[in-house]
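Report on the structure
Given next are the chains, with one letter for each unit.
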Amino acid sequence: SHCPALSSSDAGSTSQEDCICTAGAYGEAGGACTLCEVGSWCSGSTNYSCPVYSSSGAGSSSLTDCECVAGYVGANGGLCGLCSPDHWCPGGNVSEACAVHSSSPA
């Protein structure tokens, strides 16, 4: 018999409980698996939320899939800080200085 959708088992497995959710999905062993939602990452049976001010795409499987949202800056999977004055931050770990003779709010 086959494993449920979004799950797999090792060669030689003997029961449906050997089926575990694939990376980017979560659920109980042998049961239905759900694709990880936007803003979270999933490993095995657990769905984890991304850190505050960060998000991820559906089906993410690692903390480092969580990137800071626009207006914030930081390492993927880490803490996101407010973009510095006179800079603009499109998301992720990118912070760009404003052009000469221009500024951004603090």
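Residues numbered from 1 in each chain as written. Predicted model: local features only at pLDDT ≥ 70, side-chain atom pairs only at ≥ 80, totals over all residues. Heavy atoms only, no water.

1. What about the overall build of the chain?
When its secondary structure is counted, the chain shows zero helices and 12 strands. Ordered by position in the sequence, the α and β elements of the chain form the string β-β-β-β-β-β-β-β-β-β-β-β. With the C-alpha coordinates of the chain rotated into their principal frame, the extents come out at 70 × 20 × 15 Å. Put simply, of all contacts in the chain between residues at least 6 apart along the chain, 11% involve residues at least 24 apart. Of the roughly 6300 Å² of accessible surface on the chain, 55% is carried by carbon and sulfur atoms. (Helix = DSSP H or I, 4+ residues; strand = E, 2+ residues; numbered from the N terminus. Contact = heavy atoms within 4.5 Å. Areas by Shrake-Rupley, 256 points an atom, 1.4 Å probe, with all protein chains shown as cover.)

2. What to know about the pairing of strand E5 (residues 40–43)
In terms of strand pairing, E5 meets strand E6 (residues 46–49) through four bridges, oriented antiparallel. Across the sheet, the residue bridging to tryptophan 41 is tyrosine 48, located in E6. (Pairing = 2+ DSSP bridges.)

3. Digging into the side chain of serine 40
Examined against the element boundaries, serine 40 turns out to sit in strand E5. Assessed through its relative accessible area of 6%, serine 40 is described here as buried. Polar contacts involving the side chain of serine 40 include one to the main-chain carbonyl oxygen of glutamate 37, which spans 2.8 Å. Here asparagine 47 takes part through its side chain, which lies 3.1 Å from a polar atom of the side chain of serine 40. (Buried < 20%, exposed > 50% of the residue type's maximum accessible area, 1.4 Å probe, protein only. Polar contact = N/O pair within 3.5 Å; in protein donor to acceptor, adjacent residues only side chain to side chain.)

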